[in-house]
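Structure at a glance
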Amino acid sequence: MDSKVPVSGYFGAMTFDQKAMRARLPKDEFKALQDTIRAGKKITGEIAGVVAHGMKEWAMEQGATHYTHWFQPMTGSTAEKHDAFLSIDRDGTPIERFSGEQLIQGEPDASSFPSGGMRTTFEARGYTAWDPSSPAFLMKGGSGLTLCIPTVFISYHGEALDSKTPLLRSMDAVSNSAIRLLELLGSTGVSRVKTFAGCEQEYFLIDKKFYSERPDLIMCGRTLLGALPPKGQQLEDHYFGSIPDRVLDFMQEVEHELYLLGIPAKTRHNEVAPHQFEIAPIFEEANIAVDHNLLVMEVMRKVADKKGFALLLTEKPFAGINGSGKHNNWSIGTDTGINLLDPGDTPTENINFLVFLIAVLKGVHKRADVLRMSIASTGNDHRLGANEAPPAVVTVFLGEQLETVLDAIESGKVDLKTEKQVLNLGLSQVPLLNKDYTDRNRTSPFAFTGNKFEFRAVGSSQAASVPNMVLNTLMAEALDELTDAIEAKIAAGKDRDSAVLEAIREGITATKDIRYPGDNYSEALQEAARVRGLPNLKNTPQALRTLEKADVRAMFVKYGVLTEQEIESRLNIRLERYVKGIDIEARTLQLMLKTLVIPDVSEYQGDIGSSFNNLLAAAEAIGLSDGALASQANHLKNLAENLSSLIDLTAELDEAVDMLETIESEFGKADYCADELLPLMNTVRAVADRLELMVDRSRWQLPTYSEMLFEH
């Protein structure tokens, strides 16, 4: 890459963005496509044909030979099937073709994608349909380029088989509800309300040579064994520290590839744990932000492999030190450029801000369990509640100033007539340019940070589509409930301003339980959750039971985000993935114990035993005391007892894994994994980790934490 060319000179060069469209599409077709992107208007087959031709010509000019419909099946990642532009005419003449029909719809061989029972194997057709709101792009791979067309993925009968379709539906739902409320508040000229997201992506990099020697990292993405090194993160000297040159070289190439794809990577830095880092973007519309975050993860994987690194995105790859999250910054705004979560500088904006703030509080308060469900996974269960991550309890942090404002409004000391009364409230010395009305509470799972909320509990390996879909849906519901309440008060004879103020006050009072200003890592939060009746869903099976609730299902159905059948399918898929994930971990642990750990310890024990026998034979001749012999005998005894314990526990683990196969119900299997299998695996690990610290390093085959985290 040419370092002399500024980023602005090549940003989006691999994306069929507005600049590329304008250069290759006739004026009318370009305008029609922009109307589709902005307002969701349907595009005709004729216009699609013109767009397809322009897109193909642009892609081929860059060197692309194939295209693919790039989609997000319910596997948590992306999928693609490549087709060549090449076609053969009847007379045998080769020609490149790409039609409007090929752009709009594809039919991948979809029988093996998870559907949660929505399709049978003999009814396995799945269709990809073009999503014009997310720009097509060129992805490097091998020695060539492929045109990637973002799409949704649906079944023959129209059910959503992907994560993106419900997200797009939820964006429509929250837009409709928000416009309804804005019109009631007197705001005009808004034709669409959008939600925005920015995913701060945390990750680990370790040397590929260590990764290739760890079956647990290869199979599971996290270490199932490993003793903590003497130094971990306790000195906190890695956080925001100088970035090692080798890592910086990786980051720079990642950023270059992302800029080519039009992905606005903004920030890079060391995170708290050794060999942990973060990349953060500029915020975008939620569906594009989700697409871009998936691309960020894919680009990082490719560049890491090229640079001799292994990229670890699992939430807790190393026990005892910080895991990784994907802090999902979420906001809502109008197509006229107003951020509805920005306190603003005028009384009108302040009213809108307060109403939408209360809507967020109402939505999170009512649907905290659904938010917890949205980020439930095997990996995140290990991270939530640890010292670097929010707990399984979802609370909201607003900061001292906003709490003061809400308390004053609730008590009747403030009305909505004057801006100073609402937002300055005696803090006139605060400069107007300071838009961040909160302190940072890094322990809060859902914190207000000036003009947006940061959902900090999202896991690093997760696609952000589900959390954003849930945020949009609960917000649509809360907005409608607020609108209904205000309209009912107006119908009862109140003027609009009084009705709005009364609805805000009621919302403030009703959501007190969800607002928590303190340390979410503390036992005080656990007690507060119990007293307030807040959901405390400790593991994935508990969280997924939320999807069995009739009122939760009714919410998704009411807003057209998910059908009953689609909800059931997602419940089945996530339960199955949870069980299979832990089953793979348990079997990998069996493999490591039987082929690596037990043989290594046994061999070392044999050498120590032989050495001790030789010492016994020579003890009298060299004048060795009984006490000295006893110390060495005790060392050998500890080693032998721990090895025996590990062998017994391995046999117990074998039985536990076999027992899993005998359980019929998916929830039964999931509960067994959470309550029996995982605790047993932790017990096994504790013994194995003790043995690691007793065995000669030259006899221990597995790369250690010290090597993986401190060797570059």
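Scroll up for the structure.
First, a word on scope: everything that follows refers to the structure included in this document.

Criteria and cut-off values
Residues numbered from 1 in each chain as written. Predicted model: local features only at pLDDT ≥ 70, side-chain atom pairs only at ≥ 80, totals over all residues. Heavy atoms only, no water. Salt bridge = Lys/Arg side-chain N within 4 Å of Asp/Glu carboxyl O. Helix = DSSP H or I, 4+ residues; strand = E, 2+ residues; numbered from the N terminus. Buried < 20%, exposed > 50% of the residue type's maximum accessible area, 1.4 Å probe, protein only. 1 Å grid on protein atoms, 1.4 Å probe; cavity = no way out; pocket = protein on both sides within 12 Å on 5 of 7 lines; lining within 4 Å. Points joined across faces, edges and corners; volume = space filled by probe spheres on them. Nonpolar A, V, L, I, M, F, W, Y, C, P; charged D, E, K, R; others polar. Core = buried A, V, L, I, M, F, W, Y, C linked by side-chain atoms within 4.5 Å. Contact = heavy atoms within 4.5 Å.

1. Side note on the pattern of salt bridges
With the rule as written, the count across this model stands at 49 salt bridges. Across the salt bridge formed by R24 and E61, the nearest N and O atoms sit 2.6 Å from each other. Separated by 37 residues along the polypeptide, R24 in helix α2 (residues 18–24) and E61 in helix α4 (residues 45–62) bring together distant segments of the chain. Residue E61 is classed as exposed on the basis of its relative accessible area of 54%. E666 serves as the salt-bridge partner of K669, at 4.0 Å between the closest nitrogen and oxygen. With a gap of three residues between them, K669 and E666 both fall in helix α23 (residues 666–692), about one helical turn apart. The class of K669 is buried, set by a relative accessible area of 19%.

2. Points about empty space enclosed by the protein
Vacant regions in the atomic arrangement are exposed by a probe of water-molecule size rolled over the atoms. Within the structure shown, the criterion is met by seven cavities of 30 Å³ or more. For the largest cavity, the calculated volume is near 110 Å³. Contributing to the lining of the largest cavity are 15 residues, with C199, I263, P281, N293 and V296 lying nearest its centre. Residue composition of the lining of the largest cavity, by class: 10 nonpolar, four polar and one charged.

3. Section: the nonpolar core
Ranked by internal contacts, the top residues of the largest apolar core, which has 181 residues, are L147, F556 and L677. Broken down by element, the residue count for this core peaks at 15 residues, all from helix α21 (residues 564–622). If we ignore the near neighbours within four places in the chain, the residues touching F556 are V370, M469, V470, T473, L547, V561, L562 and I567. Of all hydrophobic cores here, the second largest spans 12 residues; its members include L217, A273, A310 and M708.

4. Considerations on the environment of I598
Position of I598 relative to the elements: it lies in helix α21. Separated by 328 residues in the primary sequence, I598 and N270 have C-alpha atoms spaced 36 Å apart. Sequence-distant contacts of I598, defined by excluding residues within four places in its chain, comprise L593, L643, L646, I647 and T650.

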